Amino acid sequence: MNVLGWYGPVKKNHDKKVWVDSNQNKLFKPHEFGLADKAYRSLDVPELICPFKGKDLPYNKMVINSFINRNRVLVEIVIGHIKIFRILKDCFRNRVALHPKVFGICVNIYQIKIRKKKK
């Protein structure tokens, strides 16, 4: 599993707008797909699998929803942990070209923290 990401000027945009503006769907190979929340359903993007709506879903759709939600929770937890770094949480005041490096350092620090917990 890979995490698809992009960066750019700091703006508060909805994920859906960021997806449309970023052209990330062009990075998918024919056999690849992404997991997304219900907000992306209206985009009708074949590369994204969104949870099904409704309470009385057939078993196969409930299994798909469970798979999506289980994996999305992990991503949300990681995002929450990475947001403890104020440089990512607040407005980024450095050159935009530095953002990927700063983000990478924060992710690496988080990965070290995870490894230490496992020991």
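Residues numbered from 1 in each chain as written. Predicted model: local features only at pLDDT ≥ 70, side-chain atom pairs only at ≥ 80, totals over all residues. Heavy atoms only, no water.

Some thoughts on helix α2 (residues 59–82)
Next up, step 1: In this model α2 runs 35 Å from its N-terminal to its C-terminal C-alpha over 24 residues, within 8% of the 34 Å that 1.5 Å per residue would give.
Next up, step 2: Listing the buried residues of α2 in full gives Asn65, Ile68, Asn71 and Ile82.
Next up, step 3: On its buried side, α2 packs onto β1 (34–35), β2 (48–49), α3 (86–89) and α4 (99–118). (Helix = DSSP H or I, 4+ residues; strand = E, 2+ residues; numbered from the N terminus. Expected span 1.5 Å × (residues − 1). Buried < 20%, exposed > 50% of the residue type's maximum accessible area, 1.4 Å probe, protein only. Contact = heavy atoms within 4.5 Å.)

Concerning a nonpolar patch on the surface
Next up, step 1: Residues Tyr59, Met62 and Val63 make up a contiguous nonpolar surface patch of about 330 Å² in total accessible area.
Next up, step 2: By the element assignment, Met62 lies in helix α2. (Patch = residues over 30% accessible without salt bridge, like charges linked within 9 Å, V, L, I, M, F, W, Y side chains within 5 Å. Areas by Shrake-Rupley, 256 points an atom, 1.4 Å probe, with all protein chains shown as cover. Salt bridge = Lys/Arg side-chain N within 4 Å of Asp/Glu carboxyl O.)

Re a positive patch on the surface
Next up, step 1: A cluster of basic residues, Lys38, Arg41, Lys53 and Lys61, forms a positive patch on the protein surface.
Next up, step 2: With respect to the helices, strands and loops of the structure, Lys61 is situated in helix α2. (Lys, Arg positive; Asp, Glu negative; His and termini not counted. Charge placed at Lys NZ, Arg CZ, Asp CG, Glu CD.)

With respect to the confidence of the model for the protein chain
Next up, step 1: With 85% of its residues at a pLDDT of at least 70, the protein chain reaches an overall mean of 78.
Next up, step 2: Least confident of the elements in the protein chain is helix α1 (residues 15–22), whose mean pLDDT is 71; most confident is α2, at 86. (pLDDT = per-residue confidence, 0-100.)

Concerning the nonpolar core
In globular proteins that are soluble, nonpolar side chains generally tend to be buried together.
Next up, step 1: Judged by nonpolar contacts, Trp19, Phe28, Ala36, Tyr40, Val45, Leu48 and Cys50 together constitute the single largest core of 7 residues.
Next up, step 2: Residues in contact with Cys50, not counting those within four places in the same chain, are Ala36, Asp37, Tyr40, Arg41 and Ile68. (Core = buried A, V, L, I, M, F, W, Y, C linked by side-chain atoms within 4.5 Å.)

Some words on the side chain of Asn65
Next up, step 1: Structurally, Asn65 is set in helix α2.
Next up, step 2: We classify Asn65 as buried; its relative accessible area is 11%.
Next up, step 3: Among the polar contacts made by the side chain of Asn65, one reaches the main-chain amide nitrogen of Phe52 at a distance of 2.6 Å.
Next up, step 4: Asn65 has contacts with Pro51, Phe52 and Leu57, leaving out every residue within four places of it along the chain. (Polar contact = N/O pair within 3.5 Å; in protein donor to acceptor, adjacent residues only side chain to side chain.)

Quick word on the packing of α2 against α4
Next up, step 1: With their axes 10 Å apart at the nearest point, α2 and α4 run at an angle of 110° to one another. Judged by the angle between their axes, α2 and α4 are roughly perpendicular. Residues Val78, His81 and Ile82 of α2 form the contact with α4, whose participating residues are Phe103, Val107, Tyr110 and Lys113.
Next up, step 2: For the contact of α2 with α4, the per-class residue count stands at 5 nonpolar, 1 polar and 1 charged. (Axes fitted to C-alpha atoms, helices over the stretch in contact; angles between N-to-C directions. Parallel < 35°, antiparallel > 145°, perpendicular 65-115°, else oblique. Nonpolar A, V, L, I, M, F, W, Y, C, P; charged D, E, K, R; others polar.)

Let's talk about the environment of Asp37
Next up, step 1: Inspection of the secondary structure puts Asp37 in the loop between β1 and β2.
Next up, step 2: Spatially, the C-alpha atoms of Asp37 and Asn65 are 10.0 Å apart, while their sequence positions differ by 28 residues.

Here we look at α4
Next up, step 1: For α4, spanning 20 residues, the distance from its first C-alpha to its last is 29 Å, which sits close to the expected 28 Å at 1.5 Å a residue.
Next up, step 2: Every buried residue of α4 is accounted for by His99, Val102, Cys106 and Tyr110. Projected down its long axis, α4 shows its buried positions confined to an angular sector of 75°, all on one face. The outward face of α4, more than 90 degrees from its buried face, is lined by the exposed residues Lys101, Ile105, Arg115, Lys116 and Lys118. (Arc of directions from axis to C-beta.)

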